[in-house]
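Residue-level structural notes
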Amino acid sequence: MKFVEYADRDMLMIDLAQHLAGELNECLMTHEHASFAVPGGTTPGPVFDALCAADLDWARVHVMPSDERWVDESSERSNARLIKSRLLTDRAARAQFVPFFVPGQEAEAAMEGLSKTLAPELPISILLLGMGADMHTASLFPGAAELDEALSTQAPVMAIHPEGQETRVTLTAKALSGAMNTHILITGDDKRAALDRAMTLDAHQAPVKTVLANATVHWAA
């Protein structure tokens with residue numbers, strides 16, 4: 001794991017956006033397309049705001065969420081909605097979006113088709129993740145009944161995580177850990193403390209541990 005500390009959050013967001021743009025451009029120099037998996041939530045929004053103006057061949061960038069709530073894009077809880085409004089604008093509007101939600105289908109019925117859609121995108125070229133104070137990443141949550149399956153090396157590339165009345169779908173540890181370039185964005189002292197705890201635990205207690213070994217963690221207070 002590489003750990004990068006920034007003087008403030010503004011510097012973190014701008015520098016991380018520049019770094020991601022550089023990796024995407026480097027990937028496009030040697031590959032037909034670059035697959036780019038990104039988190040939802042509010043934390044990465046400023047990174048997206050800076051990255052969307054990068055001078056890249058965005059038409060060859062395939063953007064996908066790392067996980068998604070099984071809700072329509074009209075919902076404020078949709079990661080696709082956030083990604084499209086904050087990242088897929090400006091020059092990045094030319095990028096291709098790979099959705100994880102299929103309107104009119106239940107998550108279980110859509111899994112086979114989604115897995116086939118994802119196959120050409122693997123391994124993920126550039127992976128950007130967040131981490132919760134509980135040390136979850138994507139929708140891999142400690143203590144979840146489905147976690148064992150999602151962490152298995154034999155798991156499919158996607159898994160379902162029921163969350164009360166709302167279902168989530170997520171990339172599994174197998175898909176996440178296979179990424180060519182991995183970055184984790186965290187802010188605040190609570191997340192720094194959680195990262196330190198995760199280093200001492202196994203993946204069942206701290207699912208983010210599945211990607212830490214090859215990740216660059218970007219942090220600012």
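Let us look at the structure shown here. On a predicted model such as this, the values are computed, not experimentally measured, just so you know. (Residues numbered from 1 in each chain as written. Predicted model: local features only at pLDDT ≥ 70, side-chain atom pairs only at ≥ 80, totals over all residues. Heavy atoms only, no water.)

Thoughts on helix H4 (residues 107–118)
The criterion, for reference: Each residue is placed in one exposure class: buried if its accessible area under a 1.4 Å probe, protein chains only, is under 20% of its type's maximum, exposed if it is over 50%, and partly exposed if it falls in between. The numbering of helices and of strands both runs from the N terminus, where a helix is a DSSP run of H or I of at least 4 residues and a strand a run of E of at least 2. For this quantity, the arc is that covered by the directions from the helix axis to the C-beta atoms. The contact definition used throughout considers only heavy atoms, calling two residues in contact when any of these lie within 4.5 Å.
Regarding H4, the residues found buried are Ala107, Ala110, Met111, Leu114 and Leu118. For H4, the angular spread of buried residues about the axis comes to 130°, placing them on one side. Projecting away from the buried face of H4 at angles above 90 degrees are the exposed residues Ala109, Glu112 and Lys116. Its buried side turned inward, H4 meets strand S3 (61–65), strand S7 (158–163) and strand S8 (166–171).

Side note on the side chain of Glu121
Put simply, the test is: Positive charges come from Lys and Arg alone, negative charges from Asp and Glu alone, with His and the N- and C-terminal ends not counted. We define a salt bridge as a contact between a side-chain nitrogen of Lys or Arg and a carboxyl oxygen of Asp or Glu at a distance within 4 Å.
Of note, Glu121 is situated in the loop between H4 and strand S6 (126–129). Buried Glu121, no salt bridge; nearest opposite-charge side chain is Arg60, N-O distance 12 Å. Not counting residues up to four positions away in its chain, the partners in contact with Glu121 are His33, Ser35, His62, Met64 and Val98.

A closer look at the environment of Ser66
To keep things clear, this is the line we draw: Within 3.5 Å is the distance limit for a polar contact, defined as a pair of N or O atoms, with the added protein rule that one can donate a hydrogen and the other accept it, and that residues adjacent in sequence qualify only through two side-chain atoms.
With respect to the helices and strands, Ser66 occurs in the loop between S3 and strand S4 (67–69). Under the relative-accessibility criterion, Ser66 is labelled buried at 1%. C-alpha separation for the pair Ser66 and Pro156, spaced 90 residues apart in sequence, amounts to 14 Å. Ignoring sequence-local partners within four residues, the contact set of Ser66 consists of Val38, Pro39, Phe100, Leu129, Ala138, Thr170 and Leu171. Here the side chain of Ser66 touches Asp67 through a polar contact of 3.1 Å, side chain to side chain.

Overview of the pairing of S6
Just so we agree on the cut-off: Strand pairing requires that DSSP identify at least two bridges connecting the strands.
In S6, alternate side chains face the same way, and those of Ile126 and Leu128 on one face and Leu127 and Leu129 on the other are all buried. The pairing of strand S2 (residues 34–38) with S6 spans 2 bridges and is parallel. Residue pairing across strands places Phe36 opposite Ile126, the latter belonging to S6. In this structure, S6 lies alongside strand S9 (residues 181–187), joined through 4 bridges in parallel fashion. If you follow Leu129 over to S9, its bridge partner there is Ile184.

A look at the pairing of S8
The buried count for S8 comes to 5 of 6 residues, which makes it a mostly enclosed element. With 3 bridges connecting them, S4 and S8 associate as antiparallel partners. Bridge assignment links Glu68 to a residue of S8, and that residue is Val169. By the bridge criterion, 6 bridges tie S7 to S8 in an arrangement that is antiparallel.

As for the sheet that holds S4
Put simply, the rule reads: To obtain each axis, a line is fitted to C-alpha atoms, and for helices this fit is confined to the stretch in contact; angles are then taken between N-to-C directions over 0 to 180 degrees.
Taken together, 3 strands build an open sheet; the order of strands is S4-S8-S7 and the sheet is antiparallel. The sheet terminates laterally at S4 and S7, the two strands that pair on one side only. The average angle at which neighbouring strand axes cross in this sheet is 20°, direction not considered. The strands touched by H4 are S7 and S8; relative to S7, the strand with the most contacts, the crossing angle is about 150°.

Notes on the state of the cysteines
Spelled out, the test is: Two cysteine sulfurs form what is called a disulfide whenever their separation falls within 2.5 Å.
On inspection of all chains with the given rule, the structure shows 0 disulfides. Distance from the sulfur of Cys27, which forms no disulfide, to the nearest cysteine sulfur (Cys52) is 20 Å. Overall, Cys27 belongs to the buried group, its relative accessible area being 7%.

Notes on the sheet that holds S9
Taking strand neighbours across the sheet as the criterion, the 7 strands line up as S1-S10-S9-S6-S2-S3-S5 in an open arrangement whose pairing is parallel. Looking along the sheet, the strands with just one partner apiece sit at the ends: strand S1 (2–5) and strand S5 (96–97). Both S9 and strand S10 (residues 215–220) contribute to a ladder of 6 bridges, which runs parallel. When the bridges of S10 are listed, Leu185 appears paired with His218. Here helix H1 (residues 9–30) sits on the sheet and contacts S2, S3, S6, S9 and S10; the angle it forms with S9, its principal contact strand, is near 170°.

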